Amino acid sequence: QYDERINIVNSACLRFFAPSDLSSISGMHYEHICACPAWRKEHPHYDCIFVNVNPDLDRMRGMSVA
């Protein structure tokens, strides 16, 4: 059970470094993650992300879908 306050936002911007993906300048990436019930006042738009909840497990076993 989680008794703390949870903040919900519909959009987030993130910058991260992915050294294995050199398709951008030096592996730096910039993305928007959206969870909007009415994208541009029309259809819903929900991105899917993976959260590393247990780095001790191999590959996808330590990740959750958010």
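Quantities reported herein were computed from a predicted structural model and do not represent experimental measurements.

**Examining the environment of Glu 4**
Here is step 1 of the chain: In this structure, Glu 4 sits in the segment before strand 1 (11–17).
Here is step 2 of the chain: Look at Glu 4 and you get exposed, because its relative accessible area is 57%.
Here is step 3 of the chain: Taking the C-alpha atoms as reference points, Glu 4 and Asn 52, separated by 48 residues in sequence, lie 21 Å from one another.

**Observations regarding the pairing of strand 2 (residues 28–36)**
Here is step 1 of the chain: Relative to strand 2, strand 1 is paired through 7 bridges, and the arrangement is antiparallel. The partner of Ser 11 across the bridge, within strand 2, is Cys 34.

**As for the sheet that holds strand 1**
Here is step 1 of the chain: Strands sit in the order 1-2-3 across an open sheet of 3 strands; the sheet is antiparallel. Edge strands, defined here as strands with exactly one partner in the open sheet, are strand 1 and strand 3 (45–46).
Here is step 2 of the chain: Sheet topology note: the strand 2/strand 3 ladder contains 2 bridges and is antiparallel. Note that in strand 3 the partner of Cys 36 across the bridge is His 45.

Definitions and limits used
Per chain, the residues get numbers from 1 upward, laid out in the order the sequence is written. Local features in this predicted model are restricted to residues whose pLDDT is 70 or higher, and side-chain atom pairs enter the listing and the counts only when it is 80 or higher, whereas totals over whole chains, interfaces and linings include all residues. Excluded from the side-chain calculation are hydrogens and water; included are all heavy atoms of the structure. Here a helix means four or more residues in a row that DSSP labels H or I, a strand means two or more in a row labelled E, and each is numbered from the N terminus. Only protein chains enter the area calculation, which uses a 1.4 Å probe; residues under 20% of their type maximum are buried, those over 50% are exposed, and those in between are partly exposed. Pairing between two strands requires that DSSP report at least two bridges joining them.

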